[in-house]
Amino acid sequence: HDTGISGISDNPLTILPIPTITVSSPVGGEVLTKGTTFNITWKASNVPWTLNIKLYRNNNYEGTIASDIDPGVTSYQWIVGDTGYDFAPEGSGYQVEVSLNRTSFSGKSSPYFAIYYPPSITVTFPNGGEYWGLNDVKDISWDANKLSGTLKFTLWKDSLLVGVIADGVNPTDDDYAWSVGSYIGGKVSPGTGYQIKIEEMARLCRI
């Protein structure tokens, strides 16, 4: 029989309806190019607080695309491949997941989409702000992706071509030692506004 001894929680709790989240884009089968913008969209109901968007590859977590999204928002402009701290590797098997903070409720996109890395060249050094002495020897460095032709280095000042630094450079080389200010057939005067451009010659010649 009831002894009359009992306890009750200090404050009322709230029982929420079951949230639902359905990712409507990507739909699976897309090949998305790294660095372009893609609109992730979803439908959600009974979501009382913020959402996160995560990237998965073959069901393995790659990173968080966005966090603390207002529950009334239903789309996000994603820079393809961006995981919040780095870029996801090229390949297939990707899905995005929209999840409700503080809970296990989430929705994943249909399997699977792919991320494609196009051919590219990025000058990594110099990248602006350096003070180099005339005739010093400094390394020009770059990151190259999927290049088949040789590289041409040109020197520019205030957006005007000064001359060719080097031609026929192997894109897989780590760097190029440059005598600062020199170009084929001449040498610049000290000053500001200089930039170095790297081009893949074989690709420039294609029709």
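Here, every reference points to the structure presented above.
A quick note: this is a predicted structure, and the numbers were derived from the prediction, not measured. (Residues numbered from 1 in each chain as written. Predicted model: local features only at pLDDT ≥ 70, side-chain atom pairs only at ≥ 80, totals over all residues. Heavy atoms only, no water.)

Overview of the overall build of the chain
As a reminder, the rule being used: A helix here means a DSSP run of H or I that spans at least four residues, while a strand means a run of E at least two residues long, and both kinds are numbered starting from the N terminus. Throughout, the radius of gyration refers to the C-alpha atoms, and the reference size of a globule is 2.2 Å times the residue count to the power 0.38. In what follows, a contact means two residues having at least one pair of non-hydrogen atoms within 4.5 Å. Each accessible area is a Shrake-Rupley result for a 1.4 Å probe, and residues are judged covered by the shown protein chains and nothing else.
The number of helices and strands found in the chain is one helix and 17 strands. At 27 Å, the chain has a C-alpha radius of gyration far larger than the 17 Å of a compact globule built from 207 residues. Projected onto its principal axes, the C-alpha coordinates of the chain cover approximately 105 × 40 × 25 Å. Long-range pairs, those at least 24 residues apart, make up 62% of the contacts in the chain with a sequence separation of at least 6. Here the chain has roughly 12500 Å² of accessible surface; of this, 51% comes from carbon and sulfur atoms.

Quick look at the packing of aromatic side chains
Rules: Any pair of Phe, Tyr and Trp rings, taking the six-membered ring for Trp, is counted once the centres come within 6.5 Å. Such a pair is stacked with planes under 30 degrees apart, edge-to-face with planes over 60 apart, and tilted for the rest. The criterion is that NZ of a Lys, or CZ of an Arg, lies within 6 Å of the ring centre and within 35 degrees of the ring normal, and then a charge sits over that ring.
The final tally for this structure, using the stated rule, is seven aromatic pairs. Between the aromatic rings of Tyr56 and Tyr61, the centroid separation amounts to 5.9 Å while the plane-to-plane angle is 70°, which identifies the pairing as edge-to-face. Members of the aromatic cluster, each reached through a chain of ring pairs, are Trp78, Tyr94 and Phe113. Here the guanidinium or amino end of Lys108 rests over the ring plane of Tyr56, the centre of that ring lying 4.2 Å away. One cation-aromatic arrangement involves Lys157 over Tyr194; the distance from NZ or CZ to the ring centre is 4.8 Å.

Topic: the side chain of Thr154
The condition is simple: Between N or O atoms, a polar contact is any pair within 3.5 Å; within protein, one atom must be a potential hydrogen donor and the other a potential acceptor, and residues adjacent in sequence are included only when both atoms are from side chains.
Inspection of the secondary structure assignment puts Thr154 in strand β12 (residues 151-157). At a separation of 2.8 Å, a polar atom in the side chain of Thr154 contacts the side chain of Trp156. Leaving out residues up to four positions away in the same chain, Thr154 has contacts with Leu161, Gly163, Val164, Ile165, Gln195, Ile196, Lys197 and Glu199.

Observations regarding the pattern of salt bridges
We count it as follows: Salt bridges are counted wherever a side-chain nitrogen of Lys or Arg sits within 4 Å of a carboxyl oxygen of Asp or Glu. Whether a residue is buried, partly exposed or exposed follows from its accessible area with a 1.4 Å probe, protein chains only, as a fraction of its type maximum: under 20%, in between, or over 50%, in that order.
Enumeration according to the criterion identifies three salt bridges in this entry. The salt bridge partner of Glu90 is Lys146, with a shortest N-O separation of 2.5 Å. Here Glu90, found in the loop between β6 (75-79) and β7 (91-100), pairs with Lys146, found in the loop between β11 (137-145) and β12; they are 56 residues apart in sequence, far enough to count as distant. Judged by relative accessible area, which is 32%, Glu90 ranks as partly exposed.

With respect to unusual backbone geometry
The phi torsion of most residues other than glycine is negative, and most of the peptide bonds are trans. For the peptide bond that leads from Pro111 to Tyr112, omega is -25°, which places it in the cis range. Here the bond from Phe125 into Pro126 is cis, since omega is 5°, no more than 30 degrees from zero. Structurally, Pro126 can be placed in the loop between β10 (120-125) and β11. Phi is positive for Arg102, close to 70°, though the residue is something other than glycine. As for its placement among the helices and strands, Arg102 is situated in the loop between β7 and β8 (106-108). Phi is positive for Ser159, which is not a glycine, with a value near 70°. What makes Ser159 exposed here is its relative accessible area of 58%.

Quick notes on the nonpolar core
Note the threshold: To form a nonpolar core, buried Ala, Val, Leu, Ile, Met, Phe, Trp, Tyr and Cys residues must be joined to one another through side-chain atoms within 4.5 Å.
One finds Ile53 and Trp78 to be the most contacted residues of the largest nonpolar core, which totals 23 residues. Every element with two or more residues in this core is listed here: β1 (20-25), β3 (37-45), β4 (51-57), β5 (60-69), β7 and β9 (113-116). When residues of this core are assigned to their parent elements, the largest contribution, four residues, is made by β7. In contact with Ile53, other than residues within four places in its own chain, are Ile40, Trp42, Thr64, Ile65, Ala66, Ile69, Tyr76, Val96, Glu97 and Val98. With 14 residues, the next largest nonpolar core counts Leu147, Trp178, Ile196 and Ile198 among its residues.

Thoughts on the environment of Leu134
With respect to the secondary-structure elements, Leu134 resides in the loop between β10 and β11. For the pair Leu134 and Ile8, spaced 126 residues apart in sequence, the C-alpha to C-alpha distance is 81 Å. Discounting chain neighbours no more than four positions away, the residues touching Leu134 are Val180, Gly181, Lys187, Val188 and Pro190.

Shape descriptors only; they carry no functional weight alone.
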